[in-house]
Amino acid sequence: MALPSKNRRSPATRAAPAGVDKVPSGIAGFDQVTGGGLPRGRTTLVCGGAGCGKTLFGMEFLVNGARMHREPGVFLAFEETEADLANNVASLGFDVAGLVARKLLVIDYIKVDRREIEETGEYDLEGLFVRLDHAITSIGATRVVIDTLETLFTGFSNEALLRAELRRLFSWLKLRGVTAVITGEKGEGTLTRYGLEEYVSDCVISLDNRVRDQVSTRRLRIVKYRGSAHGTNEYPFLIDEHGFSVLPVTSLRLDCPVSNQRVSTGVAALDRMLEGGGYYRGSSVLVSGTAGTGKSSLAAMFADASCRRGQRVLYFALEESSAQVVRNMGSIGLDLAHWQARGQLTIQAARPTVFGLEMHLVAMHKAVEQLRPSAVIVDPLSSLVTAGDPHEVKSMLVRLFDYLKMKQITCVVTALTNESGHENTELGISSLIDTWLRVRDIETAGERTRGLYLVKSRGMGHSNQVREFIISSAGVDLVPVAIGPSGVLTGSARRHLESEQRAEVLAGTREVARRQRQLEGKRRLVEQQVAVMRDALLAEEEEMRALAAESGERDARRASAAASRNAKRKPERRHEAAMSKEVRS
Amino acid sequence: MSPAKKPPAKKQTAASAEFLLRLYVAGHTPKSLTAFENLKTICEEHLEGRYRLEVVDLLENPSLARGHQILALPALVRQLPPPVKKIIGDFSNVERVLVGLDLVPVTAGRRA
């Protein structure tokens, strides 16, 4: 929701026609989950057990408001003194004293001690109102945090009166037009121990810190948010040296942008298997395989290629330290150290068990937000399973992949499968994967070689052939495997077959040459015979012509002789003509 | 609260005041008035000539609430003699007020 940045502080609050006006909390991820932040001019209840971050949530709300929006805030502390509070959040980089000096923050510590107070009849909590009002007016605060209001219940015995006063307080806060955060301790089966939630109708947020298998995970849930759409799930959150960050689920909608742009895998032969282009930008790539099949090498090749393109890469190493990754990849000819030095490659190494799965993902999320990489590598993803149960792993990975897709970040993850691993059981995430490479061992003739094939690659034509996957000091390469009579041949068997084939080819060419020579000889023979025959023919023709000429002469001679004879006997010739006439009729 | 408008003067045996009391109220509400009346009666009866009573209206001086950690009103703070004691309410329960001011022998049951 777009919030009018110019916040007018009018006494009463009302929902804008477009919905609830919201105040950004500035807490990473939280504003996304709530679609803008906390309801402006209303009271939000933040409840949860001890140590789940309620106070920090409140403090960050105020500090962010002061720092980013210059909205002054009041922190009414019932549990910690001003000095304690300031010290506690100083480690998060919050300069409370500075904000107080700049009149952007007031911290008022209210001590409630039953032993010091003697109740002697009717009273009310007007003093609290006076103090709060004074604090608000003194700096023109628009944000108020009361931490933890329930302390009052331990300080005063008249619960009926307290409840009436609390009701008055909440309506007073609303009337005052401040955006308030009230924290409350979690009760047995209820959101808060003293049922504060019944006074807060606008927004209730529950924080939780669960321990499971000795790993604790913090979660945040929006119990209700009147007048606003909000995510209803539990969102993991993290408190680290920069404060609070919530991992928003971006998968509320499935409308991530898609790219037709291709990015090279770093292995030319693999690019050729993928229509010659490589992975789609922003797609998720899974490299799965058994131990020692070169999954990490493939991932590292991609990281190297991305760095070469001038992009930033974030490498999450979950089993090796950063130095170890660099050294190991040095053995296949990748110089990752110089990418690190240039700031293009960031390797974040963490033991999977160091914290819960959600924490890992929140940490990844944070790192991605900070570094804004073009490619993310998680190596290996499967070790995260040790930090949560498979079902949770899947749901978290959905979030991670979705998030990376929204950001158009290409993500290469590796997964270790056991020897008997079926293709469809690999963390159950195959359906989330766009391109799935499988590397497997091929054991033949006393040798272990590696084969790589593409299980799937969405949206592109791809080779369906197994390639032999060769890792050398020059990097990773793929060669087409040989298909022999006994199936796929790799390694020396392939080389053997290849040399055999070469020999065969050689023999074949020799045969052809021989046959060619033979044919040539034959042709020459035929041509010779043809020449001889033609000669004979020519001679015969010559003779024929001579013969013809001779007989012509003879005829001529005979004719001249006859002519001379005819000149002497003409009538005889007339008679001859008459005879021929008779024959014709 | 009309009588309270003479804060530093009420029954002042000047420097010799044994009891230094400060009453915090917020505005001239009926509750404030009742509290003041009740308190005055108790003081006159039990502390005659030995006390000095200041009345602080927090609506006029809100910042003063911080010093004595005032939360509930009306509130009476016994600044002298030490230790500092705090009593809240309209002082209608005389017994409790006396307990709160340490004016009742321990036998009367302090922590009732």
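Just so we're clear, the structure is a prediction, and the values are computed from it rather than from any experiment. (Residues numbered from 1 in each chain as written. Chains lettered and ligands numbered in written order. Predicted model: local features only at pLDDT ≥ 70, side-chain atom pairs only at ≥ 80, totals over all residues. Heavy atoms only, no water.)

**Student:** Could you clarify how one ought to interpret the overall build of chain B in this entry?
**Tutor:** The number of helices and strands found in chain B is 3 helices and 4 strands. The N-to-C order of helical and strand elements in chain B reads β-α-β-α-β-β-α. Residues counted as buried form 47% of the 112 residues belonging to chain B. (Helix = DSSP H or I, 4+ residues; strand = E, 2+ residues; numbered from the N terminus. Buried < 20%, exposed > 50% of the residue type's maximum accessible area, 1.4 Å probe, protein only.)

**Student:** I'm lost on the confidence of the model for chain B in this one. Help?
**Tutor:** For any part of a model where pLDDT is low, the fine detail of the predicted coordinates should not be relied upon. Residues and elements named next belong to chain B. Looking at chain B as a whole, its pLDDT mean stands at 76, while 77% of the residues score no less than 70. A low-confidence stretch, residues 1-15 (pLDDT under 50), is modelled with 30 contacts involving residues beyond four sequence positions or located in other chains. Contacts for the low-pLDDT stretch residues 108-112, under 50 throughout, to residues beyond four places or in other chains number 7 contacts. (pLDDT = per-residue confidence, 0-100. Contact = heavy atoms within 4.5 Å.)

**Student:** How do you make sense of helix α9 (residues 295-308) of chain A when you look at a structure like this?
**Tutor:** Because an α-helix packs 3.6 residues into every turn, residues spaced three or four apart end up facing the same way. Residues and elements named next belong to chain A. Look at α9: 20 Å from first C-alpha to last across 14 residues, which is about the 20 Å you get at 1.5 Å a residue. Counting buried positions along α9 gives 13 out of 14 residues, so the element sits mostly inside the fold. Count one or two residues on from α9 and you reach Gly310, which has phi positive near 85 degrees. (Expected span 1.5 Å × (residues − 1).)

**Student:** Looking at this structure, how should I read helix α14 (residues 491-566) of chain A?
**Tutor:** Under the 1.5 Å per step criterion, the end-to-end length of α14(A) is 108 Å for 76 residues, consistent within 8% with the ideal 112 Å. Where α14(A) is concerned, the buried positions are Gly491(A), Ala493(A), Arg494(A) and Leu497(A).

**Student:** I keep staring at the interface of chain A and chain B and nothing clicks. Help me out?
**Tutor:** Often the size quoted for an interface is simply the accessible area lost on bringing the parts together. Counting residues at the interface gives 27 residues for chain A and 27 residues for chain B. Contact between chain A and chain B buries roughly 2300 Å² in total, counting both sides, with carbon and sulfur atoms accounting for 53%. The largest contributions to the chain A side of the interface with chain B come from Glu118(A), Thr120(A) and Arg131(A), which together make up 33% of the buried area. Seen at the junction of chain A and chain B, the total is 4 salt bridges. (Buried area = accessible area lost by both parts, 1.4 Å probe. Salt bridge = Lys/Arg side-chain N within 4 Å of Asp/Glu carboxyl O.)

**Student:** Would you mind going over the pattern of salt bridges with me for this structure?
**Tutor:** Any two side chains of opposite charge can pair, so long as their charged atoms come close to each other. Applying the stated criterion across every chain, the model contains 32 salt bridges over all chains. In this structure, a network of salt bridges that share partners links the residues Glu82(A), Asp108(A), Arg131(A) and Arg66(B).

**Student:** What is the right way to read the sheet that holds strand β15 (residues 284-289) of chain A from this model?
**Tutor:** In sheet architecture, strand pairing relies on hydrogen bonds along the backbone and comes in two forms, parallel and antiparallel. Residue and element names in this part refer to chain A. Pairing is mixed across the open sheet formed by 9 strands, whose spatial order is β17-β16-β18-β19-β15-β20-β21-β22-β23. Two strands close off the open sheet at either side, each with one partner strand: β17 (345-349) and β23 (475-480). For this sheet, the mean angle separating the axes of adjacent strands, direction not counted, is 25 degrees. Bridging between strand β16 (residues 313-317) and β17 involves 5 bridges; their strand directions are parallel. (Pairing = 2+ DSSP bridges. Axes fitted to C-alpha atoms, helices over the stretch in contact; angles between N-to-C directions.)

**Student:** Looking at this model, I keep getting lost on unusual backbone geometry. Mind explaining?
**Tutor:** Most peptide bonds adopt trans geometry, and most residues besides glycine take a negative phi value. All names here are of chain A. Looking along the chain, the bond that leaves Asp147 and enters Thr148 is cis, with omega of -20 degrees. Summarising the element assignment, Thr148 is placed in the loop between β7 (143-147) and α6 (151-155). In this structure, Pro380 follows Asp379 across a cis peptide bond, with omega equal to -10 degrees. Tracing the backbone shows Pro380 in the loop between β18 (375-379) and α13 (390-406). Even without a glycine there, the phi angle at Gln408 is positive, about 60 degrees. By secondary structure assignment, the location of Gln408 is in the loop between α13 and β19 (410-416). The exposure class assigned to Gln408 is buried, which follows from its relative accessible area of 14%.

**Student:** I tried to follow the sheet that holds strand β2 (residues 51-57) of chain B on my own but got confused; where do I start?
**Tutor:** Here 5 strands make up an open sheet; going across it, the order is β6(A)-β4(B)-β3(B)-β1(B)-β2(B) and the pairing mixed. In this open sheet, the two strands that pair with only one neighbour each are β6 (117-119) of chain A together with β2 of chain B. Ignoring which end each strand starts from, the neighbouring axes of this sheet average 25 degrees apart. Here strand β1 (residues 19-25) of chain B pairs with β2(B) via 7 bridges, running parallel. Considered in β2(B), the bridge of Leu21(B) is made with Leu53(B). Each of β1, β2 and β3 (75-80) of chain B is contacted by helix α1 (residues 30-46) of chain B, which is oriented at about 175 degrees to β2(B), the strand it contacts most.

**Student:** Help me out: how do you make sense of a nonpolar patch on the surface in this one?
**Tutor:** Together, Leu525(A), Val526(A) and Val530(A) make up an exposed nonpolar region whose accessible area comes to about 230 Å². Turning to its location among the elements, Val530(A) is positioned in helix α14. (Patch = residues over 30% accessible without salt bridge, like charges linked within 9 Å, V, L, I, M, F, W, Y side chains within 5 Å. Areas by Shrake-Rupley, 256 points an atom, 1.4 Å probe, with all protein chains shown as cover.)

**Student:** What exactly am I supposed to notice about the side chain of Asp108(A) here?
**Tutor:** As for its position among the elements, Asp108(A) is in strand β5 (residues 105-109). In this structure the side chain of Asp108(A) is engaged in a polar contact, spanning 3.2 Å, whose partner is the side chain of Arg66(B). Contacts of Asp108(A), omitting those with residues within four sequence positions, involve Phe75(A), Leu76(A), Ala77(A), Glu82(A), Arg131(A) and Arg66(B). (Polar contact = N/O pair within 3.5 Å; in protein donor to acceptor, adjacent residues only side chain to side chain.)

**Student:** Looking at this structure, how should I read the side chain of Arg467(A)?
**Tutor:** Considering the arrangement of structural elements, one finds Arg467(A) in strand β22 (residues 467-472). One buried charged residue, Arg467(A), forms no salt bridge at all, with the nearest opposite charge on Asp477(A) at 8.8 Å. (Lys, Arg positive; Asp, Glu negative; His and termini not counted.)

**Student:** Can you help me understand the pairing of β1(B) in this one?
**Tutor:** For a regular strand, the rule is simple: side chains alternate between the two faces of the sheet. The buried count for β1(B) comes to 7 of 7 residues, which makes it a mostly enclosed element. Considered for its hand, the β-α-β crossover made up of β1(B), α1(B) and β2(B) is right-handed. (Right-handed = clockwise from strand over helix to strand, strands pointing away.)

**Student:** Is there a simple way to explain the nonpolar core in this structure?
**Tutor:** Inside soluble globular proteins, nonpolar side chains tend to come together where they are buried. In this structure, Leu132(A), Ile146(A), Leu149(A), Leu152(A), Phe156(A), Leu169(A) and Leu173(A) are the most contacted members of the largest nonpolar core, which totals 51 residues. Elements with a contribution of two residues or more to this core: β3 (43-48), β4 (73-77), α5 (126-139), β7, α6, α7 (159-176) and β8 (179-185) of chain A together with β3 of chain B. When near neighbours in sequence (up to four residues on either side) are disregarded, Leu152(A) contacts Phe78(A), Val112(A), Leu125(A), Leu128(A), Leu162(A), Leu166(A) and Leu71(B). Formed by 40 residues, the second largest nonpolar core is a distinct cluster that contains Val285(A), Phe302(A), Ala375(A) and Val476(A). (Core = buried A, V, L, I, M, F, W, Y, C linked by side-chain atoms within 4.5 Å.)

**Student:** For this particular structure, what's the right way to read the packing of α5(A) against α7(A)?
**Tutor:** In helix packing, the relevant descriptors are the interaxial angle and the interaxial distance, both defined with respect to the helix axes. All names here are of chain A. Two elements in contact, α5 and α7, have axes whose closest approach is 11 Å; the angle formed by their N-to-C orientations is 20 degrees. As the angle between them shows, α5 and α7 are arranged roughly parallel. Along this stretch, α5 crosses α7, giving a crossing that reads as right-handed. In this structure, α5 uses Glu126, Leu128, Phe129, Leu132, Asp133, Ile136 and Thr137 to contact α7, whose residues at the interface are Glu165, Arg168, Leu169, Trp172, Leu173 and Arg176. Here the contact of α5 with α7 is built from residues that sort into 7 nonpolar, 1 polar and 5 charged. (Parallel < 35°, antiparallel > 145°, perpendicular 65-115°, else oblique. Left-handed = near helix turned anticlockwise from the far one by under 90°. Nonpolar A, V, L, I, M, F, W, Y, C, P; charged D, E, K, R; others polar.)

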